[in-house]
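Inside the fold
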Amino acid sequence: FRAAGEAVRRAVLHAAGAYLSKCSADADGALPDEVHSTSGRPVYWIAPSRSLSAQKIGLFVTGIDALHTLHLSGAAHLAQQVTHLLTSPSFTFAVSRHVSFFECTIRVLGGLLDSFEAIGHPVLLKRATELGRLLLPAFSSPSGLPYTTVNLRYGDVSGNTVGHLADIASFSLEFLTLYRHTGEALFLEHVLNVYEVLWGAHDRAVTSGHGSYWTNEIDLNTATFVYPGTVSGAHNGDSFYEYLLKSHLLLRDLLDPSASPPIPSPLDGPATALCAELLVRYRVGVDALLERTVVRRQHNHRPITLLQDVVVHSDGSAHHTGLVSCLSCFLPGLISLETIHSLQPSPAREAIADELLATCVFLYDDTESGLAPELLTIAVAGEGVGVAPIQRGYALRPETMESLYLRWVATRDEKVSCSFSILVVPAGS
């Protein structure tokens, strides 16, 4: 494991070093999101659509997203290079560019805050606060739910009025962390408001005859779910569940009497209520997700457990799509966090976590390359082949490795530690 870990570290340093060596600011001081691996041509990818990706304005996404990883990898010189670029007086996020609210929040804002808590350099919090304020116009919808795109200079939010759960409800960790370090109550208020709107929308859907499951699509103006809708533990749904549990844990810390800054008195009651409600909604939501999407098959005489997307219609009828994404491999790690933080997950959730994780590892082990396919389809029951890849590309997904690590921390199970060798050796090579 030490040799494989060192090989991974060298790969990180190689990739980041190559990016930074070709990462130069344009005439306006903007830094590219990526650089092409051979030509060094700048790439601008955090746009909400292909048509808007032509906007030649960079947000330095790779440098910011990788900064904490560089710190953990012992690459102080590269981490300092990133930090130095962020201190430049010409650097700004207030660019006339439409960005994905989701991607910009989790990668850029999250990257800055994560690195600030690890490294402590004040410019990281300064830039995070600037970006957080520039994202606030996204919340100008009639419902208060964030629009999926926002122009960082002018606040324009023209675009889709239908959003996905993962896109609109994966900002609470970043905004709560901004509140923690700045004391600006507006960031906390948006978290409180969006979850209150989502609870109301979900309760109305349940009252109209739908189950406790969450479908992914929601009208941002009216805060009503759109049908047909998809129940998914992968694309457009995964981080919604992740943020429910992790926001509960973060709020629990913020509500501690010794926390600084303390929750403002007009908001401490709603924040306390939200903290408790997040855990309830997480448990009910994940159980409903598993009830709807778990499927078990035999694949080459081996039992496998997968999550497949389900399409639900307005009358409550549903059909399975047969699609399975390796993104759903995040779930065993999420359930493991319940154990790690003494939240006592149900035996049923823990059992599915073990089954699903074993299948995720198997999907790597079942290929010649040792890398799992991005997307699969579930074969007809009884064929003996449980799944077949339909998208063979590998998108550097971390979900299975992260779940293995968290499951090992939660259980100290030797079977889990042995599974590392299946993933680590191909990664190291």
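Residues numbered from 1 in each chain as written. Predicted model: local features only at pLDDT ≥ 70, side-chain atom pairs only at ≥ 80, totals over all residues. Heavy atoms only, no water.

**Thoughts on the overall build of the protein chain**
- Within the protein chain, the regular secondary structure consists of 14 helices and 15 strands.
- Taking 429 residues into account, the globule formula puts the C-alpha radius of gyration at 22 Å, and the protein chain, at 22 Å, falls close to it.
- Referenced to the eigenvectors of the C-alpha coordinate spread, the extents of the protein chain come out at roughly 65 × 50 × 45 Å.
- Every one of the 429 residues in the protein chain was classed for burial, and the buried ones make up 50%.
- Put simply, of all contacts in the protein chain between residues at least 6 apart along the chain, 66% involve residues at least 24 apart.
- As presented, the protein chain carries roughly 18,800 Å² of accessible surface, and 55% of it is formed by carbon and sulfur atoms.
- One finds the centroid of the 29 positive side-chain charges in the protein chain at a distance of 5 Å from the centroid of its 42 negative side-chain charges. (Helix = DSSP H or I, 4+ residues; strand = E, 2+ residues; numbered from the N terminus. Rg over C-alpha atoms; globule rule 2.2 N^0.38 Å. Buried < 20%, exposed > 50% of the residue type's maximum accessible area, 1.4 Å probe, protein only. Contact = heavy atoms within 4.5 Å. Areas by Shrake-Rupley, 256 points an atom, 1.4 Å probe, with all protein chains shown as cover. Lys, Arg positive; Asp, Glu negative; His and termini not counted. Charge placed at Lys NZ, Arg CZ, Asp CG, Glu CD.)

**So, the pattern of salt bridges**
- Under the defined criterion, the tally for this structure stands at 16 salt bridges.
- Between E6 and R9 there is a salt bridge whose closest N-O contact spans 3.2 Å. Here R9 and E6 lie together in helix α1 (residues 2-22), a separation of three residues that amounts to about one turn.
- Classification of E6 by relative accessible area gives partly exposed; the value is 31%.
- Two residues, E374 and R397, come together in a salt bridge whose shortest N-O distance is 2.6 Å. (Salt bridge = Lys/Arg side-chain N within 4 Å of Asp/Glu carboxyl O.)

**Overview of the packing of aromatic side chains**
- Enumeration over the complete set of coordinates arrives at 15 aromatic pairs.
- Ring geometry for Y19 versus F60: centroids 6.2 Å apart, planes at 20°, classification stacked. Within this pair, whereas Y19 is found in helix α1, its partner F60 is found in the loop between β2 (42-43) and α2 (61-72), the two being separated by 41 residues in sequence.
- Relative to F139, the ring of F101 lies with its centre 5.5 Å away and its plane at 90°, an arrangement referred to as edge-to-face. A residue pair is termed long-range when its members are at least 10 positions apart, and F101 in helix α4 (residues 101-119) and F139 in the loop between α5 (122-135) and β4 (149-151) qualify at 38 residues. Here F101 matches F139 in class, with each residue buried.
- Here the aromatic cluster, defined as three or more aromatic residues joined through ring pairs, consists of Y195, W199, W214, F225, F240 and Y241.
- For R412, the ring lying beneath its charged end belongs to W408, and the centroid distance is 4.1 Å. (Phe/Tyr/Trp six-rings, centres within 6.5 Å; stacked < 30°, edge-to-face > 60°. Lys NZ or Arg CZ within 6 Å of the ring centre and 35° of its normal.)

**With respect to the side chain of D33**
- Looking at the secondary structure, you find D33 in the loop between α1 and β1 (34-35).
- A polar contact is formed between the side chain of D33 and the backbone nitrogen of L59, at a distance of 2.8 Å.
- A polar atom in the side chain of D33 sits 3.1 Å from the side chain of R97. (Polar contact = N/O pair within 3.5 Å; in protein donor to acceptor, adjacent residues only side chain to side chain.)

**Here we look at the sheet that holds strand β6 (residues 217-219)**
- With antiparallel pairing, the three strands of this open sheet are ordered in space as β5-β6-β7. Unpaired on one side and paired on the other, β5 (162-164) and β7 (224-225) mark the two borders of the sheet.
- Pairing of β6 with β7, which is carried by two bridges, proceeds in the antiparallel orientation. Note that in β7 the partner of I218 across the bridge is F225. (Pairing = 2+ DSSP bridges.)

**A short note on the state of the cysteines**
- Under the criterion given, the structure shown has one disulfide.
- One disulfide bridge connects C329 with C360, the sulfur atoms lying 2.1 Å from each other. Disulfide C329-C360: torsion about the S-S bond near -100°, hence left-handed. Remark: C360 occurs in helix α12 (residues 347-365) and C329 occurs in the loop between β13 (323-325) and α11 (331-340); sequence separation between them is 31 residues. Each member of the pair, C329 together with C360, is buried.
- You can see C23 has no disulfide; the closest cysteine sulfur is in C104, sitting 16 Å from it.
- On the basis of relative accessibility, which here comes to 9%, the residue C23 falls in the buried class.
- Looking at C418, it has no disulfide partner, and the nearest cysteine sulfur is the one in C360, 18 Å off. (Disulfide = S-S within 2.5 Å.)

**Observations regarding the sheet that holds strand β12 (residues 318-320)**
- With antiparallel pairing, three strands are arranged side by side in an open sheet as β8-β11-β12. Edge strands, defined here as strands with exactly one partner in the open sheet, are β8 (229-231) and β12. Shown here is a sheet whose adjacent strand axes are inclined to one another by a mean of 30°, direction ignored. (Axes fitted to C-alpha atoms, helices over the stretch in contact; angles between N-to-C directions.)

**Considerations on the packing of helix α7 (residues 172-182) against helix α8 (residues 185-207)**
- The contact between α7 and α8 brings their axes to 7 Å, and the two run at 150°. By the criterion of interaxial angle, the relationship of α7 to α8 is roughly antiparallel. Considering only the axes of α7 and α8, their crossing is left-handed. Across from S172, F175, L176, L178, Y179 and T182 in α7, the residues of α8 making contact are A185, F187, L188, H190, V191 and Y195.
- Here the contact of α7 with α8 is composed, by residue class, of nine nonpolar, three polar and no charged. (Parallel < 35°, antiparallel > 145°, perpendicular 65-115°, else oblique. Left-handed = near helix turned anticlockwise from the far one by under 90°. Nonpolar A, V, L, I, M, F, W, Y, C, P; charged D, E, K, R; others polar.)

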